[in-house]
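Breakdown of the fold
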Amino acid sequence: MHLLIKVSQVIARLFVLTLLFAGVTCLPNTASAAAASPYWTTSEAISYGSGTAKFTAIRVDLSNPNIQVVSAIAGDKIGQTAALAEIVAGETDADGTGVAGINGTFFNAYTDFQPTGTVIRNGEVQHISNAGSVLGVTGSGEIRIDAMYTRIIGGTLDQWVWPYAWEAWNINHWYADDKATMLFDATYAGPKPAHAFTSIEVTDGVVTKVGQGGFTIPANGYLILTKDATLIAKFPVGRTAEYDFKYLANNYNPNQVTQQPEIGWEDVKSALGAGPVLVKNGVVVVDPAREHFTEPKILTNKGQRSLVGVTAGRQLVMASVPSVSVAELAVVAKNMGLVNAINFDGGGSSTTWIANAGVTANGTSAAGRYVSPPGRKISNALVVRLMKDKPVHVSLNGRELFFDADPYRNSQYGRVLVPLRKIAVSLGATVSFDAASQAIVISKGSTSARLRTNDRNAVINGAASVLELPVITRNGRAYVPARFLGDLLGAAVGWDGASNTVTLTMANQEAKISEGLALEAAGRFEDAATAFESILVTEPANLTIMKRLVSIYHAKLSRYVDAVRVYRMILTLEPENLTVMTSYAWALYASGDYAGTVVLIQGMVDKGQANATHYGILGAIYSSFSWKDPVKAKQYYQLVLTSNPSAAEKAAAEKWLAAN
């Protein structure tokens, strides 16, 4: 027995020596910590050629279904700082406990604390940088590191093409540059200086205020600051407006942005951008100059540096490494067995923290320690959460939705509950709060619901109703069953037990648009009109579809009454569009609504907007049998001849005048 023990000890020591000669040690602080917990520390001594880096790393088992890796910002606000331990603790809620963390992306540590790298949190982009690279975490917990260029693109009136499209430089970042177009949402707490930009406030997707010098960010919306007169003209009060992001493969050439292919980052829930990339697919690829880093502290100098990477065995590794250059850090990362790794902020910002071994998901033993003590408060961090339960996911038409308060399985009612606002908005509804009645109001077209938290009584489409269970308040958010929202807003609801996912399915609008255009091109105009009408049910302000539809009704099918209806819809969005008003006048005339035609054109005459076409329509009306008024007919036909008519308009006017 003793001989066997001694032999086994010798073998173990030889194994450790083999690792040492390879430049690697991986010694858990306690053997039980790694076995009992999905996160632990290891003491490392890693060779990088000219020296050996000695440090303590935090390792996390990403294959554990209760582990969640998230980006976190100090105080949940861009432009603030806090100690790493506070940021980790801030990720503790009813769903799980923050158990480990490392400092995140670069930020202005000595001035306004604004980050200088990309930050994506809960699927929402909160800041961008198009230098360096980005580490992302998908909803399913996969880690990816990419060179990424992010564009902010916007549209008004549900249109994403000229002349309705717009772009912004960044989100939640102040620039003094007069050429800048800036976007700010409710997470911004950075500098708000006096300025001469035009401020455009958008609340719940509608422009609510346009002014000068303001810096009010709507709680349920965003603020645009710009001096671009062409862009400002796109945002009259009352117009709908929205924005989104495009993720492109970054070749670090700003002159070739439009030529760079899109990369699929829509499934990324959390991300922090820093760089440079250290290791990619097991190969050292570090090249800070290529990623547009210019300062010696990144290019050549040695210092305290933070790295984050993953092993082939799905371990997340976070470490603060002393006295190495970025190039040396890349070799350290590879020699640790990392197949993908990135450099995060360093120097005084470089810090790591871990909870005590054996901490439980409900936080009963959440006290922890700094593995690498901080030199300063930091702006943001990558944080590991230990969840109470396997996370619940929600997908809409196959794309995962992300939340600032996660869906969960409610044990009292035996149901999966979802955050009301985010899903309702994703299904095309608006959500507001009526302070007088303390009611949550959901609206979409002719559909409406009024709900109150902790109450089963509701008003659905004007009628009293009793819900299956009360609206639950959790993590500061209102929760309801997904099926309630699906039934209310027209989505099919399902459950995928294998992935723990609530599936929401709505008619794919892009597919419907393609179908309508194909039917129109094939000459099947009635079917095309039906397809386009169905799109307007869920996108009632889609001008592009309205204009396709009205051209079919007016020119192809001669359904003038339907054409009039759609022209009116267009003019509510473009009241000064003279081309549309002219076509509308013809449709009114063709439908037999002479009174409506006269009122419309007389209004254009009074505004000085009438031309030969309009005078010709009035001449035709007053020369008709039912509106016989030769004096007015003569007056308008004579106006045709003095208003630069077309050849056909001139011939028609001369023919009538000659005969009368």
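The model shown is predicted, which means the values in this text are computed figures rather than measured ones. (Residues numbered from 1 in each chain as written. Predicted model: local features only at pLDDT ≥ 70, side-chain atom pairs only at ≥ 80, totals over all residues. Heavy atoms only, no water.)

A look at the overall build of the protein chain
From N to C terminus, the protein chain includes 17 helices and 39 strands. For the protein chain, buried positions account for 49% of its 660 residues. Partitioning the intrachain contacts of the protein chain with sequence separation of at least 6 by distance along the chain shows that 58% fall at a separation of at least 24. With the model as given, the accessible surface of the protein chain reaches about 29400 Å², and the carbon-plus-sulfur share is 55%. Of the side chains in the protein chain, 55 bear a positive and 53 a negative charge, and the two mean positions are spaced by 3 Å. (Helix = DSSP H or I, 4+ residues; strand = E, 2+ residues; numbered from the N terminus. Buried < 20%, exposed > 50% of the residue type's maximum accessible area, 1.4 Å probe, protein only. Contact = heavy atoms within 4.5 Å. Areas by Shrake-Rupley, 256 points an atom, 1.4 Å probe, with all protein chains shown as cover. Lys, Arg positive; Asp, Glu negative; His and termini not counted. Charge placed at Lys NZ, Arg CZ, Asp CG, Glu CD.)

Quick look at the packing of aromatic side chains
The geometry of an aromatic ring pair is captured by two quantities: the separation of the ring centres and the angle between the planes. The final tally for this structure, using the stated rule, is 20 aromatic pairs. Both rings, one in F106 and one in F293, keep their centres 5.9 Å apart while their planes meet at 65°; by these two values the pair is edge-to-face. Note that F106 is positioned in the loop between β5 (96-103) and β6 (119-121) and F293 in the loop between β20 (283-284) and α5 (296-299), a separation of 187 residues in sequence. Across this residue pair, the class does not change: F106 and F293 are buried. For the pair Y567 and Y584, a centre-to-centre distance of 6.2 Å together with 45° between the ring planes defines the contact as tilted. (Phe/Tyr/Trp six-rings, centres within 6.5 Å; stacked < 30°, edge-to-face > 60°.)

Comments concerning the sheet that holds strand β10 (residues 148-156)
Pairing in this open sheet of three strands is antiparallel, and the strands run β11-β10-β17 from one edge to the other. Only two strands of the sheet have a single partner each, and these edge strands are β11 (166-168) and β17 (241-249). Pairs of neighbouring strands in the sheet enclose a mean axial angle of 35°, with direction left out of account. Note that β10 and β17 share nine bridges and pair antiparallel. Within β17, the position partnered with I153 by the bridge is D244. (Pairing = 2+ DSSP bridges. Axes fitted to C-alpha atoms, helices over the stretch in contact; angles between N-to-C directions.)

Section: the environment of G211
The residue G211 is located in strand β15 (residues 206-212) in this model. It is 5.3 Å that separates the C-alpha atoms of G211 and S199, two residues lying twelve residues apart in sequence. With residues up to four places along the chain from it excluded, the contact list for G211 reads F197, T198 and S199.

A word on helix α14 (residues 594-606)
In this model, α14 (13 residues) spans 18 Å end to end at C-alpha, consistent with the 18 Å of a helix rising 1.5 Å per residue. Turning to α14, its buried residues number three or more, namely Y594, T597, V598, L600, I601 and M604. Where α14 is buried, its residues contact α13 (578-590) and α15 (612-622). Note on α14: the residue one or two positions beyond its end, G608, has a positive phi of about 75°. (Expected span 1.5 Å × (residues − 1).)

Some points on the confidence of the model for the protein chain
The predicted model of the protein chain averages 88 in pLDDT, with 93% of residues at 70 or higher. Counting contacts from residues 1-35, a segment whose pLDDT is below 50, to residues more than four positions away or on other chains yields 29 contacts. Note on residues 358-365: pLDDT is under 50 here. Beyond four places in sequence and across chains, it has 18 contacts. (pLDDT = per-residue confidence, 0-100.)

Brief notes about the pattern of salt bridges
This model, assessed by the stated rule, comprises 27 salt bridges. A salt bridge links D93 to R385; its shortest N-O distance comes to 3.5 Å. In this pair, D93 is assigned in the loop between α3 (84-89) and β5 and R385 in strand β26 (residues 380-387), connecting sequence segments 292 residues apart. Residue classification places R385 among the buried residues on the basis of a relative accessible area of 3%. Its salt-bridge partner being D204, residue R421 comes within 3.9 Å of it at the nearest N-O pair. Linking R421 in helix α7 (residues 420-426) with D204 in the loop between β14 (198-203) and β15, this pair joins segments that are 217 residues apart in sequence. Since its relative accessible area comes to 30%, D204 is described here as partly exposed. (Salt bridge = Lys/Arg side-chain N within 4 Å of Asp/Glu carboxyl O.)

With respect to unusual backbone geometry
Going from G275 to P276, the amide bond is cis rather than trans, its omega being 5°. With respect to the helices, strands and loops of the structure, P276 is situated in the loop between β18 (268-274) and β19 (277-280). Its identity is not glycine, yet Q438 carries a phi of approximately 55°, on the positive side. Following the sequence through the fold, Q438 ends up in the loop between β31 (430-434) and β32 (439-444).

What about the environment of T203?
For T203, the position within the fold is in strand β14. C-alpha of T203 to C-alpha of T240: the two residues are 37 residues apart in sequence and 9.4 Å apart in space. For T203, the contacting residues outside a window of four places in its chain are T208, P218, N220 and G221. A polar side-chain atom of T203 sits 3.5 Å from a polar atom in the side chain of T208. (Polar contact = N/O pair within 3.5 Å; in protein donor to acceptor, adjacent residues only side chain to side chain.)

Observations concerning the pairing of strand β33 (residues 447-451)
Residues T447, A449 and L451 point to one face of β33 and are all buried, whereas S448 and R450, pointing to the other face, are not buried. Where β32 meets β33, five bridges bridge the pair, whose relative direction is antiparallel. In the strand pairing of β33, V441 is matched with R450. Here β32 folds back onto β33 in antiparallel fashion, the turn holding two residues, of which G445 has a positive phi close to 60°. Sheet topology places β33 next to strand β34 (residues 457-460); two bridges connect them, and they run antiparallel. In the sheet register, R450 faces β34, and the bridge partner there is V459. The antiparallel pairing of β33 with β34 creates a hairpin that spans five residues between the two strands, and N454 there sits at a positive phi of about 60°.

Side note on the sheet that holds strand β12 (residues 170-171)
Strand order in the open sheet formed by five strands is β12-β13-β16-β14-β15, and the pairing between neighbours is mixed. Where the open sheet ends on each side, the last strands, each with one partner, are β12 and β15. Where β12 meets strand β13 (residues 182-185), two bridges bridge the pair, whose relative direction is parallel. Looking at β13, one finds that N170 is bridged to M182.

Thoughts on the packing of helix α12 (residues 560-573) against α13
Helix-helix packing: each pair is described by the crossing angle between the helix axes and the interaxial distance. Close contact between α12 and α13 brings their axes to 9 Å; oriented N to C, the two are set at 150°. When the axes of α12 and α13 are compared, the pair comes out roughly antiparallel. Classified by chirality, the crossing of α13 by α12 is left-handed. Together, Y560, A563, V564, Y567, R568, I570 and L571 of α12 and V580, M581, S583, Y584, A587, L588 and A590 of α13 make up the contact between the two elements. (Parallel < 35°, antiparallel > 145°, perpendicular 65-115°, else oblique. Left-handed = near helix turned anticlockwise from the far one by under 90°.)

Some words on the pairing of strand β21 (residues 303-311)
Counting buried residues in β21 gives seven out of nine residues, a clear majority hidden from the surface. Pairing geometry for β21 and strand β22 (residues 315-324), over seven bridges, is antiparallel. Across the sheet, residue V310 finds its bridge partner in β22, namely L316. Note: β21 against strand β23 (residues 338-344), six bridges, orientation antiparallel. Along β23, the bridge assignment pairs G309 with A341.

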